[in-house]
Amino acid sequence: MTRGKKANLSRRSFLTGTAAMGALATAGVLAGCAPHAKGEVAGADAATGATSDGALQTVDWLGEAPEISDDDCIETLECEVLVIGAGTSGYFAAASAAESGAKTLLIEKSSVGSSVRSSALGAVNSRLQREQGAKAAIVPMEIANDMDRYAIGQINASLVRAWALNSGETLDWYTDLMARNGIEVQLEWNMPDGTFYKDWPTGHGTNGEYPSREQDVAKVIDAYISSFDGCEVRFNCAMKRLIEEDGRVLGAYAEVEEGMVRINASKGVVVATGGYAYNQDMYLALQPVRYSCLGTFDAFPACTGDGIKALMWLGARMDEVPTSLTFNRCLLTAEQEHGHPYEVGSDQYGYHFFASQPFLRVDAHGKRFHNESAPYDFVMNAIAQRPSNERYWHQVWDGNWKNDVPRFHTVGCSTIYMQPEGGSDHDAFPGQLDEWIEPEMEQFVEAGYLVKADTLEELANKLGFSAEEKEAFLATCERQNENFDAQEDPDFGKEAFRLSELRTPPFYASVKSCGLTLCTLDGIQVNDSLQPIGEDGAPIEGVYVIGNDQGSFYAGTYPNLAAGINAGRCATFGRMVGKRLAEK
């Protein structure tokens, strides 16, 4: 189960019996237009924001809309609802429109859809939650206000409220459709008590093996859409430009193998192309600080900003605050450099679910720098306060970790232990620490992503600490033990039940921990009806934006303690828009 230098027994590979992770293929990384607007740097060294000669470089990531006319088209297709992009939001929109009676066409530029996120769909007041009673009850406005607080008020809070009020019905529909096709949806309802950052029992996951379960779901929804008269799904059909006449979007030009086609949509167009995480120029220009904290990407290669650019060519306005869904789980070796994420392929890093556990983290100088119990991307925000060449960290734990992890009781996709009282994440399984986590840990040591030692001093030496930095590291470890003994963290306020000690050999540490981005979350600003807002403040008619192309929902951070909220809002808004368009 080793791929080159990377030894990977991650949840993904363990559950499939293969080490293939697929999403981050090196081929096509730099495909697409050479983007930029909102003028920032790109084509630059990620750590410095400058080219090799030190000068800033501006790249036009937006470019000009391609010149396409009806004369270039080999065919004109007619539908009532056109959905662009077969991901979570696009699938829900197309299925909803089709079952509501609209002649629906779903197009996708890849050969298969990216499907529905299996790890969690976030919802409020679903049937599965109601069955658990008070243990899974959520007051809609409480969670809506918590999400607004994460965004420090820089979002359209009405959209979060709309998700909270409509997501339960969406998940009930999805749960029933999956059940009819032999696929189970499970709820993670068991939340820890006494956390500073509140955990919400929102995560509804698809049971089964990863990644095959996501393509199983895609096949079910493909068939469901196509079962309605006049409705279909077309792959290898890439949207190139939206068609606008007299201030209204009427359809789109799309490219198929034989040439260009025009698609007319009499009721409306839904843009759901998945954001821009796989557009290097665009990501570096819009999110240079986050870029500098990354080791790699775990995004879908098809997510190159197509929908966002097409809407901006029509005058739509993009979010001002950049946001990514970034995990703190990338491991690099001592020789690898952080801040060059597009150069690190899927077989060149360690994907470490264990890294989201709240063990001690220290910076390049051996000092602790944040509350490790915070949401995933807070560690990137904290380490970004360091110089660009120090935007990585070391995670440190000891041989008692199998007793620590159950007590930590993390939730969502960081769950690596099945809690005995039930309600754990659907990917957790009995014996997980022994059968998956421990073997992977040793493989990562062998591969050079982790170091292992019999003493803390030896661990410091293996991490390359010397002189004052070694003293600082050893003092930090001693402080960790003092806090554990006192069951209090006066330094950063971590919950007592998530404190751990460093006394039991062997001792472990990550050589270089950094982030990996799954998707971007800043997109086109929308009104309450999910219509894109133009630079003049008025909506652009005839088109709707959902999924990771849609903005106005996040600002600066992904609140992962509401597990699956992003996939859940994609599903919910997709279903809402599909119904709304069908009724026109």
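Residues numbered from 1 in each chain as written. Predicted model: local features only at pLDDT ≥ 70, side-chain atom pairs only at ≥ 80, totals over all residues. Heavy atoms only, no water.

Participant: Got a minute to help me understand the sheet that holds strand β15 (residues 360-362) in this structure?
Facilitator: Note on sheets: strands pair through backbone hydrogen bonds, and any given pair is parallel or antiparallel. The four strands lie next to each other as β15-β16-β18-β17, forming an open sheet whose pairing is antiparallel. Looking at strand neighbours, the two that pair on one side only are β15 and β17 (450-453), the edges of this open sheet. The mean inter-strand angle of the sheet, taken between neighbouring strand axes irrespective of direction, is 25 degrees. (Pairing = 2+ DSSP bridges. Helix = DSSP H or I, 4+ residues; strand = E, 2+ residues; numbered from the N terminus. Axes fitted to C-alpha atoms, helices over the stretch in contact; angles between N-to-C directions.)

Participant: Looking at this structure, I do not really get the packing of aromatic side chains. What am I missing?
Facilitator: Between two aromatic rings, the relevant description is the distance of the centres plus the angle of the planes. Applying the stated rule across the entire model yields 27 aromatic pairs. The interplanar angle of 55 degrees and the centroid separation of 4.8 Å between the aromatic rings of F354 and W397 together place this pair among those described as tilted. Residue F354 is located in the loop between β14 (350-351) and β15, and its partner W397 is located in strand β16 (residues 394-397); the two are separated by 43 residues in the primary sequence. Assessed through its relative accessible area of 1%, W397 is described here as buried. Through pairs of rings, three or more aromatic residues link up here, namely Y276, Y278, Y283, Y291, F297 and Y342. If you follow R149 out to its NZ or CZ, it ends over the ring of Y150, 5.4 Å from the centre. (Phe/Tyr/Trp six-rings, centres within 6.5 Å; stacked < 30°, edge-to-face > 60°. Buried < 20%, exposed > 50% of the residue type's maximum accessible area, 1.4 Å probe, protein only. Lys NZ or Arg CZ within 6 Å of the ring centre and 35° of its normal.)

Participant: Is there a simple way to explain the nonpolar core in this structure?
Facilitator: Note that soluble globular proteins tend to have their nonpolar side chains buried in a common cluster. Grouped together as the largest cluster of nonpolar side chains are 147 residues, with contacts concentrated most on L82, Y174, I225, L242 and W401. If one sorts the elements of this core by residue count, helix α5 (residues 157-180) sits on top with 10 residues. Counting only domains with at least three residues in this core, you end up with domain 1 (68-274 + 522-581) and domain 2 (323-514). In this structure L242 touches I84, V249, G251, A252, V269, V271, A310, L311, L314 and V543, once residues within four positions along its chain are discounted. Of all hydrophobic cores here, the second largest spans 16 residues; its members include L360, V396, V451 and A453. (Core = buried A, V, L, I, M, F, W, Y, C linked by side-chain atoms within 4.5 Å. Domains from an automatic or database assignment. Contact = heavy atoms within 4.5 Å.)

Participant: Hey, could you run me through the domain arrangement of the protein chain in this one?
Facilitator: Interfaces are often described in size by the accessible area the parts lose on coming together. Domain annotation of the protein chain identifies domain 1 (68-274 + 522-581) and domain 2 (323-514). Taking the mean C-alpha position of each, domain 1 and domain 2 sit 34 Å from one another. Each partner contributes residues to the interface: domain 1 has 30 residues there, and domain 2 has 25 residues. Summing both partners gives a buried area of about 2200 Å² for domain 1 against domain 2, and 53% of it is carried by carbon and sulfur. Broken down residue by residue, the surface that domain 1 buries against domain 2 is led by E188, N190 and Y197, which jointly contribute 26%. Scanning the region where domain 1 abuts domain 2 turns up one salt bridge. Inspection of the domain 1/domain 2 interface yields 16 residue pairs in polar contact (both at pLDDT 80 or more). Elements supplying a minimum of two residues to the side of domain 1 that touches domain 2: β6 (185-187) and β7 (203-206). (Buried area = accessible area lost by both parts, 1.4 Å probe. Salt bridge = Lys/Arg side-chain N within 4 Å of Asp/Glu carboxyl O. Polar contact = N/O pair within 3.5 Å; in protein donor to acceptor, adjacent residues only side chain to side chain.)

Participant: What am I meant to see in the pairing of β7 here?
Facilitator: Strand residues, when the strand is regular, have side chains that alternate between the two faces of the sheet. Residues G203 and G205 point to one face of β7 and H204 and T206 to the other, with burial holding for every one of them. Sheet topology note: the β6/β7 ladder contains three bridges and is antiparallel. Bridging from a neighbouring strand, L187 pairs with H204 of β7.

Participant: Honestly, the sheet that holds β6 in this entry has me stumped. Any pointers?
Facilitator: Taken in spatial order, the three strands make up an open sheet running β5-β7-β6, and their pairing is antiparallel. Of all the strands in the sheet, the pair left with one neighbour each is β5 (121-122) and β6.

Participant: Can you walk me through unusual backbone geometry in this structure?
Facilitator: With the exception of glycine, the majority of residues adopt a negative phi angle, and the majority of peptide bonds are in the trans configuration. Each neighbour pair has its own omega, and for P505 with P506 the value is 0 degrees, a cis peptide bond. Summarising the element assignment, P506 is placed in the loop between α14 (467-486) and β18 (507-510). Although it is not a glycine, D246 adopts a positive phi angle of roughly 55 degrees. Mapping D246 onto the fold places it in the loop between β9 (238-245) and β10 (248-256). For A467, which is not glycine, the phi torsion reads 50 degrees and is therefore positive. You can call A467 exposed: its relative accessible area is 57%.

Participant: Would you mind going over the UniProt feature "domain: FAD-dependent oxidoreductase 2 FAD-binding" (unreviewed entry) in the protein chain with me for this structure?
Facilitator: When the UniProt feature table is mapped onto this chain numbering, "domain: FAD-dependent oxidoreductase 2 FAD-binding" (unreviewed entry) sits at residues 81-560. Overall, residues 81-560 shows 30% helix and 19% strand. The separation of its end C-alpha atoms is 32 Å. (UniProt positions renumbered as here; feature names shortened; annotations may be inferred.)

Participant: I tried to follow helix α4 (residues 140-150) on my own but got confused; where do I start?
Facilitator: What sets the pattern is the α-helix's 3.6 residues per turn: residues three or four places apart point alike. Residues of α4 that are buried include every one of I143, A144, D146, M147, D148 and Y150, and no others. Along its buried surface, α4 packs onto α5, α10 (378-383) and α15 (565-582).

Participant: Before we go on, may I ask you to explain the state of the cysteines in this structure?
Facilitator: Two cysteines form a disulfide when their sulfur atoms are joined by a covalent bond. Within the structure shown, the criterion is met by zero disulfides. Cysteine C237 remains unbridged, with the sulfur of C79 as its closest cysteine sulfur at 11 Å. The exposure class of C237 is buried, given its relative accessible area of 2%. For C413, which is in no disulfide, the shortest distance to another cysteine sulfur is to C519 and amounts to 11 Å. Taking relative accessible area as the criterion, C413 reaches 19% and is therefore assigned buried. (Disulfide = S-S within 2.5 Å.)

Participant: Mind showing me how you'd approach helix α6 (residues 212-226) here?
Facilitator: Spanning 15 residues, α6 covers 21 Å between terminal C-alpha atoms, matching the ideal 21 Å at 1.5 Å per step. Looking only at α6, the buried set comprises R213, E214, V217, A218, V220, I221, D222, Y224 and I225. The inward-facing, buried residues of α6 contact α2 (88-99), β4 (104-107), α5, β7 and β8 (232-234). (Expected span 1.5 Å × (residues − 1).)

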